[in-house]
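# Geometric and topological summary
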Amino acid sequence: MTELLKISLPDGSVREMEPGSTPGDVAAAIGPGLAKAALAARVNGEVRDINRPFECDSELALITTKDEEEALELARHDYAHVLAEAVQALYPGTQITFGPATDDGFYYDVMAPPSREPFGMDDLPAIEEKMREIIKADKPLKREVWSREQLIEKWQADGETFKAEWAKELPEDEELTVYWSGDDWLDMCRGPHLASTGKLDPQAFKLMRTAGAYWRGDQKNAQLTRIYGTGWLNKKQLNAHLHRLEEAAKRDHRKLGREMDLFHLQEEAHGSVFWHPKGYRIWRELEAYMRRKMDAGGYREIKTPQLMDVRQWEQSGHWGKYAENMFAVPDIVPDVDDGGEAEASPKVASDADWMAIKPMNCPAHVLVFKQGITSYRDLPIRLGEMGCCHRNEPHGALHGLMRVRQFTQDDAHIFCTENQVVEEVRKFCALADSVYRDFGFTYHVKLALRPEKRFGSEADWDKAEQELRDAVEEAGMANDEYGWEELPGEGAFYAPKLEWHLTDAIGRTWQVGTIQGDRVLPDRLDATYVGEDGEKHRPVMLHRAIFGSYERFIGILIEHYAGRLPSWLAPVQAVVATIVSDADEYANDAVAKLEAAGIRVESDLRNEKINYKVREHSLAKVPHLLVVGKREAEEGTVAVRTLGEKEQRVMSLDEAIAMLSEAATPPDLRS
RNA sequence: GCUGCUGUAGCUCAGUGGUAGAGCGCACCCUUGGUAAGGGUGAGGCCGAGAGUUCAAUUCUCUCCAGCAGCACCA
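Residues numbered from 1 in each chain as written. Chains lettered and ligands numbered in written order. Predicted model: local features only at pLDDT ≥ 70, side-chain atom pairs only at ≥ 80, totals over all residues. Heavy atoms only, no water.

### Describing the protein's contact with RNA strand B
In the vicinity of RNA strand B lie 50 residues, with Q223, M360, I579, N607 and Q648 positioned nearest. Counting only the atoms of RNA strand B that lie within 4 Å of the protein, the sugar and phosphate share comes to 48%. Residue R403 places a side-chain N or O atom 2.7 Å away from a base oxygen belonging to RNA strand B. Of all the secondary structure elements, the ones that give two or more residues to the surface near RNA strand B are strand 11 (205-214), strand 12 (223-231), helix 8 (253-259), helix 11 (318-322), helix 18 (610-619), helix 19 (630-635) and strand 31 (637-642). Broken down by element, the residue count for the surface near RNA strand B peaks at seven residues, all from helix 18. Grouping the amino acids of the surface near RNA strand B by side-chain chemistry returns 20 nonpolar, 16 polar and 14 charged. (Near = heavy atom within 4 Å. Polar contact = N/O pair within 3.5 Å; in protein donor to acceptor, adjacent residues only side chain to side chain. Helix = DSSP H or I, 4+ residues; strand = E, 2+ residues; numbered from the N terminus. Nonpolar A, V, L, I, M, F, W, Y, C, P; charged D, E, K, R; others polar.)

Listed below in structure tokens is the structure:
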């Protein structure tokens with residue numbers, strides 16, 4: 001008789017099981033309730049199918065819907081398979097490729113048969129219906145180990161060219177598996193899966209949209225149709241998710257920007273923002289805030305040219321790498337015809353010099369650094385600029401304020417000696433932390449390591465990466481609390497970078513801040529300082545930004561606050577609204593006093609009912625509404641209604657001014 | 001840039017092979033009303049641009065432009 005397998009459970013108990021038994025058998029042995037609830041198993045730390053036999057003595061933890069993260073991952077993966085099966089059942093000849101789980105659901109990339117158009121939104125209801133049928137049929141999902149040749153043969157026989165291509169590249173020595181859905185459909189998959197399609201809730205998923213996606217993510221390859229779905233464990237979760245999506249749509253900065261009259265975009269300058277008075281007010285507050293922060297941090301602000309000779313960009317390496325995303329202009333005086341009118345399109349002489357609009361500020365900052373002779377005693381030198389840059393982004397990438405062609409960075413470059421790097425980066429960590437906290441963001445810090453294509457020696461990269469690591473360590477941020485993580489291959493071509501990823505009010509993340517330790521550009525542009533030894537040395541150049549760009553940061557703030565900006569950023573901080581015209585004079589006096597106290601205030605004396613005025617200014621997200629009627633005018637008071645509160649508070653005008661001044665004080669100026 | 005979708009009044013959107021409609025907003029009038037929409041009247045449109053089909057195109061076809069959703073890209 002063969003020996004029994006010893007299966008240890010999380011509670012410390014050990015069960016002896018026949019060879020060939022499965023986690024499902026263990027669950028059944030414990031109780032029928034658990035047998036029903038068990039979705040999958042963690043065997044020696046690896047998530048596995050509930051019906052996959054044990055291979056040896058094992059540690060087992062059963063996964064049920066209570067283990068939400070794992071259960072969701074499994075369910076979504078299964079939904080993706082069911083999606084692929086449904087599409088092929090409905091449209092024979094459809095090729096399938098890949099279908100992973102995502103953060104909120106799943107997708108599957110497919111290629112429609114040549115006989116029909118790519119799948120679109122209109123096809124989704126039918127596919128959903130078919131998916132429900134497959135789920136209701138409760139088809140068992142069976143794992144089988146296949147050889148590579150078997151797989152290739154199968155896919156070739158089925159005309160699945162993408163799958164066949166993939167199978168050919170699979171490693172020889174790895175155990176390759178397929179999963180059967182019932183006995184009539186299978187997909188190549190590493191698994192694990194639920195025991196059967198019936199474990200899915202047919203009411204807990206929804207196909208959301210279709211989109212193009214390249215085979216293997218490469219633009220040069222065929223474009224497939226990606227069918228996206230969102231998938232959950234039950235209908236309640238699905239509905240909650242759909243509700244969250246609606247909430248996110250409500251805070252869309254493009255919508256709020258229009259409603260709040262902050263900015264607009266139009267064709268004639270697509271990708272560049274027309275800031276309206278109210279939007280630019282936010283900008284100015286942010287800029288003033290950042291100036292105070294940078295001044296206090298030992299930065300000196302400069303301003304550098306928008307246009308520089310293309311040769312300068314060739315030397316820095318940017319022209320070679322990014323020319324197609326740069327705007328270039330011929331440096332010529334336009335030809336003028338006899339009538340004195342400029343020709344519609346000036347001719348460019350073949351020997352005309354080309355200028356490029358700056359896509360970044362770095363080279364110009366090096367040129368400022370290079371003026372005169374710098375001693376090691378002067379370092380570090382921190383040069384800051386509210387630098388307006390242009391990049392000709394791929395048109396499909398443009399998105400409201402988030403991705404634009406003209407943007408202004410809160411940019412700065414720190415020139416320092418080798419042994420000042422860690423301390424400068426640590427200081428920056430502290431500065432960034434104080435800024436993000438002022439806006440109520442939490443954040444994660446990540447280190448993007450050397451990419452495949454890069455400039456500079458391995459030794460320099462080793463050093464640069466380690467410096468950033470050390471600095472984060474010293475700042476006390478190299479831990480889970482700060483989501484510390486290293487990202488191989490994600491760095492810039494000239495430097496590794498630390499990245500700050502903010503988490504906003506509804507849990508989305510945004511990468512904004514960065515600092516990069518660069519030894520390449522100082523070298524290419526020949527920046528030097530005189531050391532203690534009297535010799536020339538290369539400074540290290542730290543590129544850094546905290547907001548990233550004003551445009552994008554304002555977009556993020558609008559969505560983070562859902563338009564309800566804190567008083568210090570609100571374009572209009574208060575409105576004095578009258579109930580009757582007898583109060584007009586008093587309202588005007590109040591506005592004058594508020595203005596004198598530095599409050600951004602408007603009056604609303606219109607011949608409208610107070611209900612209407614309250615509604616309108618609430619929708620406009622004005623933080624404070626000061627209502628005045630006959631009573632207030634006689635008593636010298638105001639009825640203050642704060643946005644988001646239902647109660648109004650009657651107080652003297654002086655008290656209101658004190659309160660509003662307090663609320664309008666920027667966070668860095670509070671005592 | 002790629003795939004798909006969209007483009008009609010300031011905004012949100014109906015609609016039609018015979019050059020247009022609603023709601024909100026705007027203007028004017030009435031109303032002076034105590035905390036999220038008082039009533040009336042009126043103005044406002046080269047139906048994204050160009051070409052084609054047609055007696056006739058905002059409507060059908062093509063090209064371009066822009067926007068949206070993804071993808072790819074993001075110094």
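Still to come is the rest of the account.
### Details of the packing of helix 5 (residues 148-157) against helix 6 (residues 161-168)
The description of two packed helices rests on the angle between their axes and on the distance between the axes. Orientation of helix 5 relative to helix 6, taken along the N-to-C sense of each, is 165°, at an axis distance of 8 Å. Taken together, the axes of helix 5 and helix 6 lie roughly antiparallel to each other. Of the two possible hands of crossing, helix 5 and helix 6 adopt the one that is left-handed. On the side of helix 5, the interface is formed by R148, L151, I152, W155 and Q156, while helix 6 contributes K163, A164, A167 and K168. Residue composition of the contact of helix 5 with helix 6, grouped by class: five nonpolar, one polar and three charged. (Axes fitted to C-alpha atoms, helices over the stretch in contact; angles between N-to-C directions. Parallel < 35°, antiparallel > 145°, perpendicular 65-115°, else oblique. Left-handed = near helix turned anticlockwise from the far one by under 90°. Contact = heavy atoms within 4.5 Å.)

### Examining helix 6
Within helix 6 the residues assigned to the buried category are F162, K163, A164 and A167. In this structure, the buried residues of helix 6 make contact with strand 6 (95-98), strand 7 (105-111), helix 5, strand 10 (185-188) and strand 12. (Buried < 20%, exposed > 50% of the residue type's maximum accessible area, 1.4 Å probe, protein only.)

### Remarks on unusual backbone geometry
Here the amide bond leading from G191 into P192 is cis, since omega sits at -5°, within 30 degrees of zero. Tracing the backbone shows P192 in the loop between strand 10 and strand 11. Cis geometry marks the peptide bond from L379 to P380; its omega dihedral reads 0°. With respect to the secondary-structure elements, P380 resides in the loop between helix 12 (362-370) and strand 19 (381-390). Despite not being glycine, R216 shows a phi value in the positive range, around 60°. Structurally, the position occupied by R216 is in the loop between strand 11 and strand 12. Judged by relative accessible area, R216 falls into the partly exposed class, the value being 34%. One non-glycine residue with positive phi stands out, namely K621, at about 65°. When you line up the elements, K621 lands in the loop between helix 18 and strand 30 (624-628).

### Digging into the side chain of R251
Take R251: it is sitting in the loop between helix 7 (235-250) and helix 8. Of the side chains with opposite charge, E247 lies nearest to the buried R251, which makes no salt bridge, at 5.2 Å. Apart from the residues within four sequence positions on either side, R251 is in contact with L256, A505, I506, R508, I558, E559, H560, Y561 and A562. (Lys, Arg positive; Asp, Glu negative; His and termini not counted. Salt bridge = Lys/Arg side-chain N within 4 Å of Asp/Glu carboxyl O.)

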